[in-house]
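# Breakdown of the fold
These are the residues of each chain, in order.
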Amino acid sequence: MFEKNNVERESVNQRRQVEEVTFFGIDSGLHDAITSGDAIAEEIGKQTLLPSSHNGSPRYRIQNYQDAVAICRWAGYPDLFITFTCNPKWPEIQHMLGTIHQSDPSMRPDIVDQVFHIKLNELMNDIKKNKHFGRTIAILYTIEFQKRGLPHAYISVFLHLDDKSPTATQIDRIISAEISNKECDYKGYMAVQNYMIHGPCGVVNNKSPCMVDNRITKHFPKKFNNETTIDGDGFPIYWRRKTKAFVIKKEVPLDNWYVVPYNRDLLVKYQAHLNVELCNHSRSIKYFFKYVTKQPDRAIDVLHLGPNEIDGRKLTNSSNVDEVKQYVDCRYISATEACWRIFQFNINYREPGVERLSFHLPNQQSIIFQDDYVLEDVWHKAELQWKKRRAGKCIGRIYYAHPTSGERYYLRMLLNVVKGPTSFEDIRTVNGVVFDTFKEACYALGLLEDDKEWSECLEEVAIWATGEQLRQFFATLLLFCEVSDPLALWNKHLELLTDGILYNKREALNFLEQQLSEMQIHNYALHEVDQNLRKNGKSLCDFDGMPIPE
């Protein structure tokens, strides 16, 4: 039932570009095609151009996001979120550039990448082995590249249970949001001045990168605070006192209002932008992981075509061409990112690893092949067999099945309940009775009574889906699944289904202090569900008992 699927690693095979079209077929369908004589590979199965093994593809990002959530389910919320950015003025980079008589780091992205990689490994060593923040049980990071080419890492640190939920005093020991005293800690003062000051922005500098439509988008300047606290939404408010310390940046004096939180010892050691944030209490963990695994930068290319060309092809009738420009949405890859991939450095790193457990209905296991394969060779794989993992530790997660996928959905439901099955018949057996379908077995186990299946499905999806996705999913349940009591299902999961409403409104208005009443939040959530239903020709009015948004 479970197919062995090794933990995805950044290997050479996974990094190669997909030069041929990949097809996904199923066991029974492939067998029928071969026995019927219709054995042309490119006409069988489902075409996929960018599978999850293709680094950077949408499927790749989704898998990494769900792997991160799987680690979170096992280890609990991450405790620290660290942003580490490359400094092109590091002495190691400058020394190598001087050796080759070069002065511009952007001209040698290979040197920049290798030095940053060394620094990143040393930072991982400080966090994991030297236990700079305490004992760690899990850690993951994602590498991104700024538009000017510099690499930076988003790092999530999961601490041991005994080191979680630190007190305000403990937070102050590892995170600071103040300018160091120049007389007592000159190195700390200079490091903060060079790398951890935001701005200037606002009225004194309306051309700052954080200014959009004359508004500050990074929530600076902050307010003074005499002690570290956690606000009602779970976000930390750091100790940020009103002192006489300040730094001059672009001829503007900036005080503690503009300090980005940091760890003093790591900042001085690495001499780069190194933001350290507490995130253990945040209830927006799904949005956090979405941000960490977000898609790369995009660029718009303008294609100037000749009067008789379209997509580079000659046209015999020029009157068919209505436009001379076509805009193509392209992925932006800098020279630094290209070098990083050539060196085969990790783009995504996680520890421990995550084992992705696939499953399938009888005789419907997935088979992957290229369009030029001989199908008889694809089919006969006698040397493949299941082997028990010999050593190592990893976290298992079973692939998701949509409620509208029929028997596959009910098979997955049973796999989470039935212990130690050795065959499909074992999974369908309840109290000695072998049922014909997985759905009947679910009924016999009491898994489908009183919308229980949809309730459990919502709870599982809520682990990784955003609030907006949950509301879309609820609309899907109403449209395509037999929900007997929609209002009871809505009320039971009201907290999940209203998740993210306040967050989205605050982001839209760029106003962190925005507050909404409970009724307003409910109305916004109902409105989103209603809009999703209307796209399919339905509305909340069509479902008995469901409230209508004001």
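The following refers to the structure shown. Predicted, not measured: the structure shown is a model, and the values here were computed from it.

Each value, and the rule that gives it
Residues numbered from 1 in each chain as written. Predicted model: local features only at pLDDT ≥ 70, side-chain atom pairs only at ≥ 80, totals over all residues. Heavy atoms only, no water. Helix = DSSP H or I, 4+ residues; strand = E, 2+ residues; numbered from the N terminus. Buried < 20%, exposed > 50% of the residue type's maximum accessible area, 1.4 Å probe, protein only. Contact = heavy atoms within 4.5 Å. Areas by Shrake-Rupley, 256 points an atom, 1.4 Å probe, with all protein chains shown as cover. Arc of directions from axis to C-beta. Core = buried A, V, L, I, M, F, W, Y, C linked by side-chain atoms within 4.5 Å. Pairing = 2+ DSSP bridges. Axes fitted to C-alpha atoms, helices over the stretch in contact; angles between N-to-C directions. Parallel < 35°, antiparallel > 145°, perpendicular 65-115°, else oblique. Nonpolar A, V, L, I, M, F, W, Y, C, P; charged D, E, K, R; others polar.

## Considering the overall build of the protein
- Counting its secondary structure elements, the protein contains 20 helices and 23 strands.
- Expressed as a percentage of its 550 residues, the buried residues of the protein come to 44%.
- By sequence separation, contacts in the protein at least 24 residues apart represent 71% of the contacts at least 6 residues apart.
- Accessible surface, the protein: about 30500 Å² in total, of which carbon and sulfur atoms supply 50%.

## Digging into helix α19 (residues 501-509)
- Every buried residue belonging to α19 is among Ile501, Leu502 and Arg506, and all of these are buried. Mapping the buried residues of α19 onto a view down its axis gives an arc of 130°, with all of them on the same face.
- On its buried side, α19 packs onto α16 (467-480) and α20 (518-534).
- Directly beyond the C-terminal end of α19, a positive phi value near 55° is found at asparagine 510.

## Side note on the nonpolar core
- Residues Leu411, Phe438, Trp454, Leu458, Phe474, Leu477 and Trp490 are the most contacted members of the largest nonpolar core, which totals 48 residues.
- When sequence neighbours within four positions are dropped, the list of residues in contact with leucine 411 reads Phe359, His360, Leu361, Phe424, Ile427 and Phe438.

## Considerations on helix α15 (residues 452-461)
- Considered for burial, the residues of α15 that qualify are Glu453, Trp454, Ser455, Cys457, Leu458 and Val461.
- Looking at the packing, one finds that the buried side of α15 touches α12 (407-415), α16, α17 (486-492) and α18 (494-497).

## Observations concerning the sheet that holds strand β5 (residues 136-145)
- Reading across from one edge, β13-β4-β6-β5-β18 is the order of the five strands in this open sheet, with antiparallel pairing throughout. Every other strand in the sheet has two partners, leaving β13 (274-278) and β18 (348-351) as the edge strands with one partner each. With strand direction ignored, the average angle separating the axes of adjacent strands in the sheet is 10°.
- Summarising the sheet, strand β4 (residues 80-85) and strand β6 (residues 151-159) pair through six bridges and their orientation is antiparallel. Along β6, the bridge assignment pairs threonine 83 with tyrosine 154.
- Lying over the sheet, helix α3 (residues 58-75) contacts β5, β6 and β18, oriented at roughly 155° with respect to β5.

## A closer look at the packing of α12 against α15
- The interhelical angle for the contact between α12 and α15, taken along N-to-C directions, is 75°, at an axis separation of 12 Å. In terms of orientation, α12 lies roughly perpendicular with respect to α15. Residues Tyr409, Tyr410, Arg412 and Met413 of α12 touch α15, and the partners they reach there are Glu453, Trp454, Cys457 and Glu460.
- Taken together, the residues of the contact of α12 with α15 break down into five nonpolar, no polar and three charged.

## Comments concerning the environment of leucine 274
- Note on placement: leucine 274 falls in strand β13.
- Of the residues examined, leucine 274 reaches a relative accessible area of 1% and is grouped as buried.
- In this structure, the C-alpha to C-alpha distance between leucine 274 and tyrosine 195, residues 79 residues apart in sequence, is 7.8 Å.

## Observations concerning unusual backbone geometry
- Across the junction of glutamate 351 and proline 352, the peptide omega takes the value 5°, indicating a cis bond.
- With respect to the helices and strands, proline 352 occurs in the loop between β18 and β19 (353-359).
- Although it is not a glycine, glutamine 271 adopts a positive phi angle of roughly 50°.
- Tracing the sequence through the fold places glutamine 271 in the loop between α8 (264-270) and β13.
- Taking the relative accessible area as the measure of exposure, glutamine 271 reaches 28% and is therefore partly exposed.
- Here the phi dihedral of glutamine 344 falls at roughly 60°; this positive angle occurs in a residue that is not glycine.
- Examined against the element boundaries, glutamine 344 turns out to sit in the loop between α10 (335-342) and β18.
- Judged by its relative accessible area of 40%, glutamine 344 is partly exposed.

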